[in-house]
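# Remarks on the overall topology
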Amino acid sequence: MKEITLNDGPKRKRRRDRSRTEGSRREGSREERHRRAEGLEQPQRTPGSERSRREGSQGRPGRYEQQPVKPELPKKKHSRTPLIVVGIVVLIMVAVYLGFGVYYMDRFFPGTTVNGIDVSGKTVKEVENLVANQVQDYVLRVHEKDNKTEQIDGADIQFEYVSDGAAQQLKYSQNSFLWINAYFHPQEYTMTTPTVYNKAKLKEAMEKLDAFDSDKVTEPKDAYIDETSSGFEIVEEVEGNQLDEDKVYELLCQAVTDGKTEVNLEESDCYLKPKKTSDNKKLKKKLASLQKYWDMTVTYEIGDASDVLDYQTFKDWMTVDSSGNVSFDWNHIADWIGQLADKYDTFGTDETFHTSLGETVTVTSMNYGWKMDEETEAAWLDETLKSGESATRQPQWLESAMARGEENDIGDTYVEIDITNQRMWFYKDGQCLVDTPVVTGDATKDGYETPLGLYCLFDKEAKAILRGADNLTGKSYNTPVDYWMPFNGGVGIHDAKWRASFGGTLYQGNGSHGCVNTPWDQAGIIFDNIEIGTPIVVYKSSINQGTGSVAISQPAETRVINEQGVEVTPESSAADTTTGTTTDTLSDPTSYTAIDGQ
């Protein structure tokens, strides 16, 4: 067996090192335990020691082998000072934060604005004072037309701030301990500023504005249609600058109540506006209607004359409604037709007549002449005017004459009877066909005189029977005549075969009942040539020629009228062709129906 000699020197050295190492381990263990007790550090294990423990616990057999152990450096001892400093800083910061929180309990956060006023760090009272100062400087600017601006001062309307706790409510909405948030999110508040003002003073201030100065106000005017030398045109509206006073006052009151500092009268539609503008459709339609009438004429042709009705005359009769519909005043139309009738009517008027003996006399138209049908013409004119179309018209007449002249409407075909000279003429187309003595109504008996005037022949009848009664005796008669030409009721021209003489003064005491007794042959000439409507002029001449009566041969009457007034055939057919045997001393036996006109 091999003997091994051990060297004690190195062995003792290793024991000292192990003892030192174990001491250090024990000291480190105590320090670790102390730190763990204070919760400052977790125990640390080296890999070698952990492995040794595992191996030892497993009871690995074999020779114990000492592993070399690295020397451990001595560990520093940790200080508690940094922790204390940090704690103190934290406590200070918390205290400061809480201090600011307490500070902002009755003050507004930084960056806070109320109605545009910076109220950072201000108390509610201070904010209210700021608002009050702002209200004290209140000015309401009034913007008007044409870029003009006026203002109303708060002092003039006794404008004052009255606290209602609104600022306090805003402050309540801020959590004082969240003050730091305000640095990142500034808060802007708008509150209704409670104020009071004097409405009467506001109205006075409003009325003092230039906008209400009557010398500077232009009223709005509607567009309208104007007549020019060439027709019509639309005159544009005038906008003006007149304000609706009630509307402006209401606007100002609301603005002051709301604390507004500006109002715009034009944008708020406070200006009065024209009710009718130039682009109004109805106005344009009315213009078209009027333009149509500008050139319209209505021409009345009467004889050689004419009368023209144009716009300048009938424009005052017109009414054009808002839709352009035209109507005419009936009274104006009737008046114009009446004036036209007065100008051209000769029926019932006095007319000048030049007699066959060269004298000029005036006769009154009794049933002869022109008389316009005014009602018919007025109706026609009304419809024509409504149509807007020009027209030419010959009027309708209720009475008409054979001619129309400047002095009279007698013309050149007429019968002329001169009562003074008991003479009658008949002209046809200017040629005298008859000039004969006659016997007219008895001038010595009331109601028997032949009526004077201008008449027209309204009928003619051959072989007529004149029936009537004597005005004085009442005796009836039925007298046959061959030519009957009435011109005034029962008064007319007829033959008188029972008379032997005509002319002179026979009419004074032996005249007719009013008719014009005419020699048989002359009456026949007139009858054959005269037309119904021919004028008959009866007058008294101022010149008496003094001509006596003239004996004229007359045919005998062959017609027999019985007592009943009926014509019968005589038993004897022999015709008595001798001259009339009755004399002028016999009373005139004839009359026409109920009028003693024979």
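These remarks concern the structure in this document. Quantities reported herein were computed from a predicted structural model and do not represent experimental measurements. (Residues numbered from 1 in each chain as written. Predicted model: local features only at pLDDT ≥ 70, side-chain atom pairs only at ≥ 80, totals over all residues. Heavy atoms only, no water.)

## Here we look at the overall build of the protein
Threshold: Only runs of H or I of at least four residues qualify as helices and only runs of E of at least two qualify as strands under DSSP, and these elements are numbered from the N terminus. Buried, partly exposed and exposed residues are distinguished by accessible area as a fraction of the type maximum, computed with a 1.4 Å probe on protein chains only: under 20%, between the cut-offs, and over 50%, respectively. Residue contacts follow a heavy-atom distance rule, with two residues in contact if any of their heavy atoms lie within 4.5 Å.
Within the protein, the regular secondary structure consists of 14 helices and 32 strands. A burial count over the protein gives 37% of its 598 residues as buried. Looking at the protein alone, contacts between residues at least 24 apart form 68% of all its contacts between residues at least 6 apart.

## Some words on a nonpolar patch on the surface
Selection criterion: The patches reported here contain residues having more than 30% relative accessible area and no salt bridge. Joining distances are 9 Å for like charges and 5 Å for nonpolar side chains (Val, Leu, Ile, Met, Phe, Trp, Tyr). For the area figures, the Shrake-Rupley method with a 1.4 Å probe applies, and any residue is considered shielded solely by the protein chains shown. Any carboxyl oxygen of Asp or Glu that lies within 4 Å of a side-chain nitrogen of Lys or Arg is treated as forming a salt bridge with it.
Side chains of Val86, Val90, Val94, Leu98, Val102, Met105 and Phe177 sit close together on the surface and give an oily, nonpolar patch of about 600 Å² of accessible area. As for its placement among the helices and strands, Phe177 is situated in the loop between helix H5 (166–172) and helix H6 (181–184). Overall, the relative accessible area of 34% leaves Phe177 in the partly exposed class.

## Focus on the sheet that holds strand E3 (residues 139–143)
For the record, the criterion: Pairing between strands is defined by DSSP: at least two bridges between the two strands are required. All axes here are fitted lines through C-alpha atoms, helices being fitted over the stretch that makes contact, and every angle between N-to-C directions spans 0 to 180 degrees.
If you walk across this open sheet you meet the three strands as E4-E3-E10, and the pairing is mixed. With partners counted over all chains shown, the strands left at the sheet margins are strand E4 (149–153) and strand E10 (262–264), one partner each. Strand-to-strand twist across the sheet, computed as the mean angle between neighbouring axes with direction ignored, equals 20°.

## Quick word on the pattern of salt bridges
Using the criterion set out here, one finds 18 salt bridges in the structure. Asp269 serves as the salt-bridge partner of Lys247, at 3.6 Å between the closest nitrogen and oxygen. Here Lys247 is found in helix H8 (residues 245–258), whereas its partner Asp269 is found in the loop between E10 and helix H9 (281–294), with 22 residues between them in sequence. Accessibility expressed as a relative area gives 35% for Lys247, which makes it partly exposed. Residue class for Asp269 comes out partly exposed when judged on its relative accessible area of 35%.

## What to know about the packing of aromatic side chains
Stated formally: Each Phe, Tyr or Trp ring, with Trp reduced to its six-membered ring, pairs with another whose centre is within 6.5 Å; inter-plane angles below 30 degrees give stacked pairs, above 60 give edge-to-face pairs, and intermediate values give tilted ones. Comment: the charge-over-ring label is applied if NZ (Lys) or CZ (Arg) is within 6 Å of the ring centre and within 35 degrees of the ring normal.
All told, the structure shown has 17 aromatic pairs when counted by the stated rule. The interplanar angle of 50° and the centroid separation of 6.1 Å between the aromatic rings of Phe353 and Tyr539 together place this pair among those described as tilted. You can see Phe353 sitting in strand E15 (residues 350–354) and its partner Tyr539 sitting in strand E29 (residues 535–539), a full 186 residues away along the chain. For the pair shown, Phe353 and Tyr539 are each scored as buried. In this arrangement the basic side chain of Lys203 is found over the ring face of Tyr249, its NZ or CZ atom lying 4.7 Å from the centre.

## Description of the packing of helix H11 (residues 330–344) against helix H12 (residues 374–387)
The cut-off we apply is this: Convention used here: angles under 35 degrees read as roughly parallel, angles over 145 as roughly antiparallel, angles from 65 to 115 as roughly perpendicular, and any remaining angle as oblique. What makes a crossing left-handed is the near helix being turned counterclockwise from the far one by less than a right angle; a clockwise turn instead makes it right-handed. The nonpolar class holds Ala, Val, Leu, Ile, Met, Phe, Trp, Tyr, Cys and Pro. Asp, Glu, Lys and Arg form the charged class, and all remaining residues, Gly among them, are polar.
Where H11 contacts H12, the two axes come as close as 9 Å, and the packing angle between them is 125°. Compared by their axis directions, H11 and H12 come out oblique. Where H11 crosses over H12, the two elements pack in a sense that is right-handed. Within the contact between the two elements, H11 uses Trp330, Ile333, Ala334, Trp336, Ile337, Gly338 and Ala341 and H12 uses Glu374, Glu377, Ala378, Ala379, Leu381, Asp382 and Leu385. A breakdown of the residues in the contact of H11 with H12 according to their chemical character gives ten nonpolar, one polar and three charged.

## A word on the sheet that holds strand E6 (residues 188–189)
In spatial order, the strands read E2-E1-E6; together these three strands make up an open sheet with mixed pairing. What marks the edges here is a single partner per strand, and that holds for strand E2 (117–118) and E6.

## Examining unusual backbone geometry
Although it is not a glycine, Asp146 sits at a positive phi angle of roughly 60°. The topology assignment puts Asp146 in the loop between E3 and E4. The phi dihedral of Gln422 falls on the positive side, at around 45°, and the residue is not glycine. For Gln422, a relative accessible area of 1% translates into the label buried.

## With respect to the environment of Val550
Looking at where Val550 falls in the secondary structure, it is placed in strand E30 (residues 549–551). On the basis of relative accessibility, which here comes to 35%, the residue Val550 falls in the partly exposed class. Taking the C-alpha atoms as reference points, Val550 and Pro437, 113 residues apart in sequence, are found 7.3 Å from one another. Residues in contact with Val550, not counting those within four places in the same chain, are Pro437, Ala500, Ser501 and Phe502.

## A look at the nonpolar core
The condition is simple: Among buried residues, the Ala, Val, Leu, Ile, Met, Phe, Trp, Tyr and Cys ones that are joined through side-chain atoms within 4.5 Å form a nonpolar core.
With 38 residues, the main nonpolar core has Ile152, Leu202 and Leu252 as its most contacted residues. Looking at this core, the elements with two or more residues in it are helix H4 (124–136), E3, H5, helix H7 (199–207) and H8. A per-element tally of this core places H8 first, with six residues. If sequence neighbours within four positions are ignored, Ile152 has contacts with Tyr138, Val139, Leu140, Val142, Ile157, Leu202, Ala205, Met206, Leu209 and Leu252. Within the second largest apolar cluster, 32 residues are counted, among which are Val434, Leu466, Leu506 and Tyr507.

## Considering the side chain of Thr355
With respect to the helices and strands, the residue Thr355 is situated in the loop between E15 and strand E16 (360–364). The class for Thr355 is buried, based on a relative accessible area of 8%.

## As for the packing of H7 against H8
Packed helices, taken two at a time, are described by the angle between their axes plus the distance between the axes. Across the interface, H7 lies against H8 with an axial gap of 10 Å and an inter-helix angle of 125°. Relative to H8, H7 is oriented oblique. Crossing handedness for the pair H7 and H8: right-handed. Here H7 contributes Lys199, Leu202, Lys203, Met206 and Glu207 to the contact with H8, which in turn contributes Glu245, Val248, Tyr249, Leu252, Cys253 and Val256. Split by residue class, the contact of H7 with H8 holds seven nonpolar, no polar and four charged.

From the geometry alone we can't say anything about function, so treat these as descriptive.
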